[in-house]
Amino acid sequence: MRPKQITSTVKKLMLVTTLSFSSALTFAQSNVFDDIISQSTNHTALTAAINAAGLSAALQDENATLTVFAPTDAAFTFLAQKLGVSVSDLLTLPNLQDILLYHVLGTAIPSSAVTNGAILTPLNADNTIKFTLTENGAVYANQTLVTAADLDSDNGIVHVIDAVLLP
């Protein structure tokens, strides 16, 4: 090959590589953990709990379709105070994974699909979650207020709640 041909071939190869990399970035999927929960300044305790329980990969799964009820840091602090422990102590509970899985449904349920009295089974099927829809439009999951609804990602929806749900 002559120098001009080599230069042209290298340029084509670089262009193809750049386009391939750009395409891969364009199609990157968002997920409930990386793009919503772990990015929230109000969910540092939940993020730590998910990591401690080894559940981050499940929430990052691009093939999953999830609804996550995400307790705020204030919810974790309130629970810790009620139990007379620290939030760090909550992260060492032997049933932490079960508690967290009680906050996850295996399907995406937007707030518009919630019906009053609906009972759904979370991934921790030890108990169900009952939904209440008030006349003024407030949504409750087991008497826990949904304070922010329908935070969407490619693999599901996050609803922020003001308490930790216990199975």
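So, a few notes on the structure that sits alongside this text. This structure is a prediction, so every number in the text was calculated from the model and none was measured.

**Looking at the environment of Leu79**
Positionally, Leu79 belongs in helix H5 (residues 73-83). Its relative accessible area of 15% is what places Leu79 among the buried residues. In this structure, the C-alpha to C-alpha distance between Leu79 and Ala163, residues 84 residues apart in sequence, is 7.7 Å. If we ignore the near neighbours within four places in the chain, the residues touching Leu79 are Leu90, Val164 and Leu166.

**Some details on the sheet that holds strand S3 (residues 119-120)**
Taken together, the seven strands give an open sheet; going across it, the order is S2-S1-S7-S6-S5-S4-S3, and neighbouring strands pair in mixed fashion. Both edges of this open sheet fall to strand S2 (104-105) and S3, since each of them pairs with a single strand only. Here S3 runs beside strand S4 (residues 129-133); their pairing, made up of two bridges, is antiparallel. Across the sheet, residue Ile119 finds its bridge partner in S4, namely Lys130.

**Re the nonpolar core**
Ile50, Leu59, Val68 and Leu100 are the most contacted members of the largest nonpolar core, which has 26 residues in total. Put simply, the parts of the chain that give this core at least two residues each are helix H2 (33-37), helix H3 (44-52), strand S1 (66-71), H5 and helix H7 (96-101). Once you skip the residues sitting within four places of it in the chain, Leu59 turns out to touch Asn31, Val32, Phe33, Ile50, Leu66, Val68, Val104 and Asn155.

About the cut-offs
Residues numbered from 1 in each chain as written. Predicted model: local features only at pLDDT ≥ 70, side-chain atom pairs only at ≥ 80, totals over all residues. Heavy atoms only, no water. Helix = DSSP H or I, 4+ residues; strand = E, 2+ residues; numbered from the N terminus. Buried < 20%, exposed > 50% of the residue type's maximum accessible area, 1.4 Å probe, protein only. Contact = heavy atoms within 4.5 Å. Pairing = 2+ DSSP bridges. Core = buried A, V, L, I, M, F, W, Y, C linked by side-chain atoms within 4.5 Å.

Keep in mind these numbers describe shape, not what the thing actually does.
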